[in-house]
Amino acid sequence: MNAYTDLIFEISRPGRTGCSLPERDVDAVNLSKKLPAHLIREEAPDLPEVSELQLVRHYTALSNKNHGVDNGFYPLGSCTMKYNPKINEDVAKLDGFSRIHPYQPEATVQGALALLHELQEDLAVITGMDAVTLQPSAGAQGEWTGLMMVKAYHQQRGEKRTKVLVPDSAHGTNPASATVAGFRTVTIPSTKNGLVDVEELKKHVDDDTAALMLTNPNTLGLFEKDILEIASVIHEAGGLLYYDGANANAILGKTTPGKMGFDIVHLNLHKTFTTPHGGGGPGAGPVGVKEKLIPFLPVPRIEKRNGRFVLNREEPLSIGRVKGYYGNFGILVRAYTYIRTMGPDGLRQVSESAVLHANYLRKKLEPYFVSPYEQVSKHEFVLSGSRQKKLGVRTLDMAKRLLDFGYHPPTIYFPLNVEECLMIEPTETESKETLDAFADVMIRIAREVEEDPETVLNAPHTTVIGRLDEVKAARKPVVRWERETVRL
Amino acid sequence: MTSTFQYLPDTDQDQKEMLSFLNLSSIEDLFSDMPESIRLQGELAIPKAMPEPVLWKKMKGMARRNAELPLFLGAGTYDHFIPSVVGHMISRSEFYTAYTPYQPEISQGELQAIFEFQTMVCELTGMDVANSSMYDGFTALAEAASLAIAHTKRTKVVVSRAVHPESRAILQTVAAGPDYAVEEAALSTDITDLEALTKQVDSQTAAVIVQYPNFFGSIEDLQEIKKIAAAQGALLIVSANPLALGLLQAPGKLGADIVVGDMQPLGIPMAFGGPHCGYFAVTKSLMRKVPGRIVGQTTDADGNRGFVLTLQAREQHIRRDKAMSNICSNQALNALASAVCMSALGKTGLREMAVLNLEKADYACRLLQQKSFPILNESPFFNEFVVQLPKPVTDVQNALIDAGFIGGFDLGPDYGEPNRMLIAVTEQRTKEEIDAFIQTLEGIVR
């Protein structure tokens, strides 16, 4: 790695530029005659002034300080950091997809609408739902979209239900989405076996229950075996069942949320369907629903009428728009390309390999770490660092030590119901050799905790920077560069 | 027997070894926890797998069924020049195959790039703090309204009808969650009616929301609107086109409390409407209420400068049902694209590009006026304006397509004016294209 630490503003020199714009071929306009003085900007925004090569070197240097799936193993639980196929990227960049305007007349975008329509149909099959909207930009937005439909559904039936049930192992977005949608959240505890406590659930289900949000397999990587009973408890009380598709990588072609009794599903295309995470986004969070919820789906809807694809903006019971235009189209193109690459046989193999890999790695690590649950794992598993904590080394320290070996650490301290949790999701795209090598390093770290804890406590040793002071960052926030800031 | 896929490395031998290590005889044993009654019988009913060369042909064919023509269409998404360097930099897979930078020691590249992006957004908008991005400008506007409601503990927001129709539609959907009122402020021809606005804004108004330039391209007088909002203690939320801020006074200097918008004009392809990149900027006093990720500067034990995700106590993964926003994934890669684009344009390039847009739109407008087309903007406009046609826009659009142009936005469905077309002219349109477009338009309507 290199020692380059400059900000782009710090390499800026007045008079340099990194682009060439067309020359003016129309009359100049005197701005002060056209606009009132107080609306004209007198001082230009202080953007960097760099040559194109400086720009390239800067961002290349930054990229060299970043770890992606292409760099190495990334077993970040619940994030499904699988390989992002290159053809997906190239297809999304085709002019016919990237250079079209969302308001072009429908006749000029039949290819794009056909793709979206086919993707809607495929995702409906994959989830066992009756219809799909592609609008939501991410999982959290999909959750909120689903919950707004839950709300509209109950209202349409003359009911105002206020309660959304969420297991204690749920992603933070579940309760947050419920709040943003105007519901209150009730947390359902898990059993010591890591599953929803059905008896406890029954105590909270009543005629004020709007929905239960569930991830299956759950965030512990365990399949909720009692799902049919859970579904009937909720349905008998008039509630709906929401499927958080963050863990859909475990079930492709094996079962569907529809078969499990769910009414609404979101998928994270940036997890299960190989679209890249982009350092935080953009993703896509399509939502599928059962027939009774179709009237409430967002508009516009992409429909096929007489062999032509059209945008239907008129649906009286729709919750309305949730996102600009038709969703993150470029991401949808990538997911479509992936689904066509794999087909039904390929998608089933994806889940089978993902589950095999998780169980294989789990068994390799079980002698060295506390493995809190007995049930077979699905696509991910959790370990507890409680044994190591007794020796004075925390899960955070072991995660930092993994950085020295070129691995992105697993998700840590989540789910909240496992002490010193490590949540490991190897994915199907990693080879057995990679799993074996990672297991060896984890075992080595477990030994270091016993024999040489300082090495782990002081990790990482090989990264471009050491552990950063996060408390300082939050107490005295510096969230932008200032010209007068003294260089550190 | 299973087929072989390029993304699935397990050989039969690998599988055998792993199963034998697990003391299992088949993959099916790993799915024994799924009740038989919910198991899928047979295959998923989706099309069969396609080898890469075959798939390429299919995808190119689908792309060809979309027409890429010179556009005089904007309305929130614009055809702007994107320097080649932008695509190359965001195609570095260390950036695009990474997750949210949870492990700062191996994510300094992304974190620093976002810190720089936040700085650029602050510079453009004249605000103190910007986050790392939102889904798009429309949803950013709705989040700003919800922030204002939570911050002021008031019950309604007032949004100008000159704000993008999709922004207003999404705001209505979002407001139905916490159940606050969204009132629309009337127009005075092409801008917000300030007299009516004064009467509408009251002690229960959390925020006044306007767009800058507005949906019709006209430039609202933020200074006057700020006075109206401030008189009742309401916040001023401005949705601004970042390119226009190359020549327009920064909203922060005119009293904006929250500035949102979409970075699409700066380095992000139109891509049929997404992914684009919302931005969100506030004054310092609202810093701890901003939705989404924020990158902050700090140091390691040796005093080296480094960057981390910060102020996380605001966010859903910590606060769960107490969080003010549920946003988790954002549009980080497109924030990076716009940062690269802004760095390429630089201080002078951004202004030059903004001025070119204004001049080209001005030229097109004057040419239309010479040909006796009524122009409806009474206020100065940036790169878009409204022209009155003698026949419905839908008819004109089809004839324009036949002539090889994509015409402007039809104001019929959203404003009940089927003969009004919102025309955008960016730096991408040459004088020849503008002349030919207007000549064609003249031929169609006369």
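Cut-off values and rules
- Residues numbered from 1 in each chain as written.
- Chains lettered and ligands numbered in written order.
- Predicted model: local features only at pLDDT ≥ 70, side-chain atom pairs only at ≥ 80, totals over all residues.
- Helix = DSSP H or I, 4+ residues; strand = E, 2+ residues; numbered from the N terminus.
- Buried ≥ 20, exposed ≤ 12 C-beta atoms within 10 Å, placed from the backbone.
- Contact = placed C-beta atoms within 7 Å.
- Nonpolar A, V, L, I, M, F, W, Y, C, P; charged D, E, K, R; others polar.
- Pairing = 2+ DSSP bridges.
- pLDDT = per-residue confidence, 0-100.
- Arc of directions from axis to C-beta.
- Core = buried A, V, L, I, M, F, W, Y, C linked by C-beta atoms within 7 Å.
- Domains from an automatic or database assignment.
- Axes fitted to C-alpha atoms, helices over the stretch in contact; angles between N-to-C directions.
- Parallel < 35°, antiparallel > 145°, perpendicular 65-115°, else oblique.
- Left-handed = near helix turned anticlockwise from the far one by under 90°.

Draft legend 1. Broad picture of the overall build of chain B. Within chain B, the secondary structure is distributed over 14 helices and 14 strands. With respect to the principal axes defined by its C-alpha atoms, chain B has extents near 80 × 55 × 50 Å. The proportion of buried residues among the 446 residues of chain B is 61%. Taking the intrachain contacts of chain B between residues at least 6 apart in sequence as the baseline, contacts between residues at least 24 apart amount to 72%.

Draft legend 2. A look at the interface of chain A and chain B. At the interface, 170 residues of chain A touch 168 residues of chain B. No other element matches the 22 residues that helix α11 (residues 329-365) of chain A contributes to the side of chain A that touches chain B. Within the side of chain A that touches chain B, the residues separate by chemical class into 84 nonpolar, 56 polar and 30 charged.

Draft legend 3. How the structure looks around the sheet that holds strand β13 (residues 409-410) of chain B. Residues and elements named next belong to chain B. Spatial ordering of the open sheet is given by β12-β14-β13, a layout of three strands whose pairing is antiparallel. Two strands lie at the open edges of the sheet, namely β12 (384-388) and β13, each paired on one side alone. Bridge count for β12 against strand β14 (residues 420-424) is five bridges, and the pairing is antiparallel. Following the sheet pairing, Q388 is matched in β14 by R420.

Draft legend 4. Inspection of the environment of V370 of chain A at higher detail. Looking at the secondary structure, you find V370 of chain A in the loop between α11 and β10 (381-384). In contact with V370 of chain A, other than residues within four places in its own chain, are L383, S384, S386 and R387 of chain A.

Draft legend 5. Fine view of the confidence of the model for chain B. Mean pLDDT over chain B stands at 97; residues scoring 70 or higher make up 99%. Of the two predicted TM-score estimates for the complex, the pTM is 0.98 and the ipTM is 0.98.

Draft legend 6. Structural context of the pairing of strand β6 (residues 205-212) of chain B. All names here are of chain B. Most of β6 sits inside the fold, with eight of its eight residues counted as buried. Pairing of strand β2 (residues 156-160) with β6, which is carried by four bridges, proceeds in the parallel orientation. Residue pairing for β6: V159 is matched across the bridge by I209. One ladder, built from six bridges, connects β6 with strand β7 (residues 235-240); its direction is parallel.

Draft legend 7. Just the pairing of strand β10 (residues 295-299) of chain B, in detail. Residue and element names in this part refer to chain B. The buried count for β10 comes to four of five residues, which makes it a mostly enclosed element. In terms of strand pairing, β10 meets strand β11 (residues 305-309) through five bridges, oriented antiparallel. In the sheet register, V295 faces β11, and the bridge partner there is L309. Hairpin remark: β10 followed by β11, antiparallel, with five residues in the connecting loop; positive phi at G303, about 85°.

Draft legend 8. Quick look at helix α9 (residues 227-236) of chain A. All names here are of chain A. Looking only at α9, the buried set comprises I227, I230, A231 and I234. End-on, the buried residues of α9 take up no more than an arc of 100°, which puts them together on one face. In α9, the exposed positions that point more than 90 degrees away from the buried face belong to S232 and E236.

Draft legend 9. Summary view of the nonpolar core. Within the largest apolar cluster, 299 residues are counted, with the highest numbers of intra-cluster contacts made by A145, V208, I209, I237, L336 and V340 of chain B. Counting residues per element, this core draws most heavily on helix α11 (residues 332-370) of chain B, which supplies 21 residues. Not counting the four nearest positions on each side in its chain, V340 of chain B is found in contact with L55 and Y59 of chain A together with V85, V86, M89, I90 and G267 of chain B.

Draft legend 10. Up close: the domain arrangement of chain B. The domain architecture assigned to chain B consists of domain 1 (85-340) and domain 2 (347-445). Distance from the C-alpha centre of domain 1 of chain B to the C-alpha centre of domain 2 of chain B: 28 Å.

Draft legend 11. Local environment of the packing of helix α5 (residues 110-127) of chain A against α11 of chain A. All names here are of chain A. Close contact between α5 and α11 brings their axes to 10 Å; oriented N to C, the two are set at 60°. Here α5 is positioned oblique relative to α11, judged by the angle of their axes. As α5 packs across α11, the resulting crossing turns out to be left-handed. Judged by residue contacts, A112, L115, L116, E118, L119 and D122 of α5 engage F329, L332, V333, A335, Y336 and I339 from α11. Among the residues making up the contact of α5 with α11, the classes are represented as ten nonpolar, no polar and two charged.

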